[in-house]
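What follows is the residue order along each chain.
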Amino acid sequence: MAQDLWLSSILSSQQLSPLCTYIVIALLNIFGLESLSLSKQKEDSSMEKKWWHGKVAYQIYPKSFCDSNGDGVGDIQGIISKLDYLKDLGVEIVWLSPCFKSPFVDQGYDISDYQDIDPIFGTMEDFDELLAKAKERGISIILDLVINHCSSEHEWFKKACADPNCEEAKYFFIKKSKDGKLPDNLRSYFGGSVWEKLPGHEDEDLYYLHYFAKQQPDLNWYYEPLREKLFDMINFWLDKGVAGFRVDAIMNIAKDLSFPGLPADGADGMCSANKMTAKLSDQAATFLYEMNDKTFKPHDGLSVAEAFGVNQESLANYIGDNGFFSTIFDFSARELNEKYPAYYRYRPVTIDKWREAVFAAQNRANPIGFLCPIIENHDEPRGVSYYLPTHARTPDGAKAFAAVNVLLRGMPFIYQGQEIGMTNTKFNSIYEFDDLNAKDNYKVALEAGLTETQALDILNIESRDHARTPMLWDDSKNAGFSSAAVTWLKVHQDYHKLNVAAQKDDPNSVLSFYKQLIALRKSPEYKELFTYGDFQALDPVADYVVPFARVLDGKTVYVIANFEDSPVSYGVNADSKILLSSKEVQLQDGTLTIPAVACVVVAL
Ligand code: TEU
């Protein structure tokens, strides 16, 4: 432990030269000192209270939320026009997926200028107006921190290409081949090798590293001046009044600087880069403590990380009182399929598997800190279509899933459209997709011998574009999202019936149910319990039932979601009180009878 702290502090020391950093990290790689991240464990069970505790968060995908200027793409003024909608829903933290300058090869996750707004979304003045108007409504804005990589259009990378010996070239991983082969055999997340010839130097033996698309060169976190640039950028936004960041793909910053590669996991002789990331995951800790100390901590900023595969031993470093993040998303259900990176190899994740994975994650986090429960995000298909049995892919199913999402322990994130029960969009041809990952997976499926129809069917289950189709506001043209002739991505087929306007005054709608759940979570009587209360798994009684308790200081609330196609009975106390249910639930002599595809919240 003492050694870990020593390493942490020397690596974060400003005096350490880049060369020393390289040497220390290389030693770590060689000796595999995985315990490095086990420093700063939480020592007691009381939890330090934070401003964001007890709040419900909402993710906006700016390209698809609301288009104010009729160009077919959502924008900041569109978001401003919907702030009252968000306030009315009860959300107090809004995460914007990237709105920075970008060529949009990966929809803004390829940033060419970290300190400017892309003109497609508006101007910095628009952004400042959004911050101010959100604040007036008690809403904090968090941005997306994409710092494992930038865009190949970023001036740093352009300079590196112009002169591979310049200062900016050190911000990237530029390597020569090894024995006539690529520097290693890792496969990028979006297909093909992680190595690409350095543009402008095609005749030379120079490759740069990109874990994602080739237009997303990885940044070299082992070079201290680069880290300082990134920290300055984070502080620029925090100083401006941004409340924090969602932190993108962050575990990938750890690299083995000898680039040894891994045994092949596919016929292409390559191995998925995410396996290397998983192997090195603890090593990112050093940099993340440094980032927290120099940016988030002094601003009391919120950091919500996209961190896959965090093990129990390291969890306190991530989300404990002294952890380097405020909280991380719970990807435990999603991870069940991350083992099969090609879409065509996916295994259906039924709600019982979802329950097992999420309950295990809740148990792990209970004594340590908060996770962020999600049903879906911009990288996933709609959860109602993905995890629920066919008979429950309905507004009733969406409501029951909502109760689980909003009332689990942690800070729930609602992804735009989830609150009206949006399902997957029907894509009729590969040409209707936009996402580079969808296109790559289509190709991979065809190469593996699937027919075009089979490959399309798989995309209709797995594609990230399901979450990215425009928000459905009303039944007018383009669902009220945009007045353009054509929107950047197709509009969901059911928008005439499935939209905000159709639900907002209907007390039985999915939207109204979300509002009731959020209001219950924040009600004076239950706020402490839903914020700080322990999670306890309850007996599932049937495959497709998701039941849990929240417990604080002798007060207990049961949340039971029944996704079966028949009613289930559940024993509670004789004097229990039903706080909320999505359908009429019987409570007689201490037994609840919950109808098919319904949920109930009961105080015992
Ligand atoms: O995602 C990182 C990540 O690991 C995912 O790409 C995941 O493996 C993939 O979506 C599965 O389909 C983040 C962003 O959320 C994503 O939108 C970006 O494409 C990616 O980083 C690169 O920045």
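Thresholds applied
Residues numbered from 1 in each chain as written. Predicted model: local features only at pLDDT ≥ 70, side-chain atom pairs only at ≥ 80, totals over all residues. Heavy atoms only, no water. Core = buried A, V, L, I, M, F, W, Y, C linked by side-chain atoms within 4.5 Å. Buried < 20%, exposed > 50% of the residue type's maximum accessible area, 1.4 Å probe, protein only. Domains from an automatic or database assignment. Contact = heavy atoms within 4.5 Å. Pairing = 2+ DSSP bridges. Helix = DSSP H or I, 4+ residues; strand = E, 2+ residues; numbered from the N terminus. Near = heavy atom within 4 Å. Polar contact = N/O pair within 3.5 Å; in protein donor to acceptor, adjacent residues only side chain to side chain. Areas by Shrake-Rupley, 256 points an atom, 1.4 Å probe, with all protein chains shown as cover. Nonpolar A, V, L, I, M, F, W, Y, C, P; charged D, E, K, R; others polar. Axes fitted to C-alpha atoms, helices over the stretch in contact; angles between N-to-C directions. Patch = residues over 30% accessible without salt bridge, like charges linked within 9 Å, V, L, I, M, F, W, Y side chains within 5 Å. Salt bridge = Lys/Arg side-chain N within 4 Å of Asp/Glu carboxyl O. Lys, Arg positive; Asp, Glu negative; His and termini not counted. Charge placed at Lys NZ, Arg CZ, Asp CG, Glu CD. 1 Å grid on protein atoms, 1.4 Å probe; cavity = no way out; pocket = protein on both sides within 12 Å on 5 of 7 lines; lining within 4 Å. Points joined across faces, edges and corners; volume = space filled by probe spheres on them. Phe/Tyr/Trp six-rings, centres within 6.5 Å; stacked < 30°, edge-to-face > 60°. Lys NZ or Arg CZ within 6 Å of the ring centre and 35° of its normal.

In terms of nonpolar packing, the biggest core is built from 195 residues, with Tyr58, Phe127 and Met291 touching the most fellow members. Residue contributions to this core reach at least three from each of two domains, namely domain 1 (57-151 + 222-510) and domain 2 (532-603). When near neighbours in sequence (up to four residues on either side) are disregarded, methionine 291 contacts Leu145, Ile147, Trp221, Phe231, Ile234, Val247, Phe296 and Phe325.

As summarised here, the arrangement of the three strands in space is S6-S9-S8, forming an open sheet in which the pairing is antiparallel. The open sheet has two free edges, formed respectively by strand S6 (174-175) and strand S8 (195-197), since each of these has just one partner strand. Taken together, the three bridges between S8 and strand S9 (residues 207-209) define a ladder with antiparallel strand orientation. Bridged to lysine 197 within S9 is tyrosine 207.

Around the ligand sit 18 residues, and of these Asp106, His149, Asp248, His378 and Asp379 come closest. Residue arginine 246 places a side-chain N or O atom 2.9 Å away from an oxygen atom belonging to the ligand. Contact distances for the ligand include 3.0 Å between an oxygen atom and a side-chain N or O atom of glutamate 306. When the ligand sits alone it has 490 Å² of accessible area, and the protein chains cover 95% of it. Looking at side-chain class alone, the shell around the ligand contains six nonpolar, four polar and eight charged residues.

Of note, the phi angle at phenylalanine 104 is positive, near 60 degrees, even though the residue is not glycine. Along the chain, the position of phenylalanine 104 falls in the loop between strand S3 (100-101) and strand S4 (113-117). Judged by its relative accessible area of 15%, phenylalanine 104 falls in the buried class.

Right, let's talk about the sheet that holds strand S21 (residues 586-588) for a bit. Hydrogen bonds between backbone groups are what pair the strands of a sheet, and the pairing can be parallel or antiparallel. Strand order in the open sheet made by the three strands is S19-S22-S21, with antiparallel pairing throughout. At either end of the open sheet lies a strand with only one pairing partner, and these are strand S19 (568-571) and S21. Sheet twist, expressed as the mean angle between neighbouring strand axes with direction ignored, is 20 degrees. Alignment of S21 against strand S22 (residues 591-594), held across three bridges, turns out to be antiparallel. By the bridge assignment for S22, glutamine 586 is matched with threonine 593.

Attention now moves to a negative patch on the surface. A cluster of acidic residues, Glu202, Asp203, Glu204 and Asp205, forms a negative patch at the surface. Inspection of the secondary structure assignment puts aspartate 203 in the loop between S8 and S9. The exposure class assigned to aspartate 203 is exposed, which follows from its relative accessible area of 80%.

This part covers empty space enclosed by the protein. Across all of its chains, the model carries seven cavities of 30 Å³ or more by this definition. Counted as a void, the largest cavity has a volume near 60 Å³. If you trace the largest cavity, you find it lined by Asp330, Phe331, Ala333, Arg334, Trp354, Val358, Ile374, Ile375, Glu380 and Tyr387. Those elements giving two or more residues to the lining of the largest cavity turn out to be helix H11 (332-338) and helix H12 (351-365).

The next subject is the layout of surface pockets. One simple way to see leftover space: roll a probe sized like a water molecule over the atoms. Approximately 350 Å³ is the volume attributed to the second largest pocket. Along its surface, the second largest pocket is lined by 22 residues, and Lys50, Asp321, Gly323, Phe325 and Ser326 are the ones closest to its centre. The dominant element in the lining of the second largest pocket, judged by the number of residues it contributes, is helix H9 (residues 284-299), at three residues. The residue makeup of the lining of the second largest pocket, split by class, is eight nonpolar, nine polar and five charged.

What follows concerns the packing of aromatic side chains. Applying the stated criterion across every chain, the model contains 43 aromatic pairs. Measuring from centroid to centroid gives 5.9 Å for phenylalanine 173 and phenylalanine 259, while their planes differ by 75 degrees, and the two rings are edge-to-face. With phenylalanine 173 in the loop between helix H6 (155-162) and S6 and phenylalanine 259 in the loop between strand S10 (244-247) and strand S11 (271-272), this pair connects stretches of sequence that are 86 residues apart. In this pair, the class of phenylalanine 173 matches that of phenylalanine 259, namely buried. By way of ring pairs, the aromatic residues Tyr346, Trp354, Tyr386, Tyr387, Phe401 and Phe563 are connected into one cluster. The ring of tryptophan 473 has lysine 82 lying over it, and the distance from NZ or CZ to the ring centre is 4.0 Å. Against the face of tyrosine 211 rests lysine 255, its NZ or CZ located 4.6 Å from the ring centre.

Take the pattern of salt bridges next. Within the structure shown, the criterion is met by 34 salt bridges. With a shortest N-O distance of 2.7 Å, arginine 382 and glutamate 376 are connected by a salt bridge. Of the residues examined, glutamate 376 reaches a relative accessible area of 2% and is grouped as buried. Via salt bridges that share partners, Asp106, Asp379, Asp435, Arg464 and Arg468 belong to a single interconnected network.

One can find tyrosine 558 in strand S18 (residues 555-562). Owing to a relative accessible area of 15%, tyrosine 558 belongs among the buried residues under this scheme. Considered as a pair, tyrosine 558 and leucine 538 are 20 residues apart in the sequence and their alpha carbons are 8.5 Å apart. Look past the residues within four positions of tyrosine 558 in its chain and what remains in contact with it is Leu538, Phe548, Ala549, Tyr570, Gly571, Val572, Val600, Val601, Val602 and Leu604.

Glancing now at the environment of asparagine 499. In this fold, asparagine 499 is placed in the loop between helix H17 (465-468) and helix H18 (500-504). Exposure remark for asparagine 499: the relative accessible area of 2% places this residue in the buried category. Expressed as a C-alpha distance, the spacing of asparagine 499 and methionine 422, which sit 77 residues apart in the sequence, is 8.6 Å. Residues in contact with asparagine 499, not counting those within four places in the same chain, are Ile420, Leu472, Trp473, Asp474 and Asp475. Within the structure, asparagine 499 has its side chain in polar contact with the backbone oxygen of histidine 496 (distance 3.3 Å). Within the structure, asparagine 499 has its side chain in polar contact with the backbone nitrogen of alanine 502 (distance 2.7 Å).

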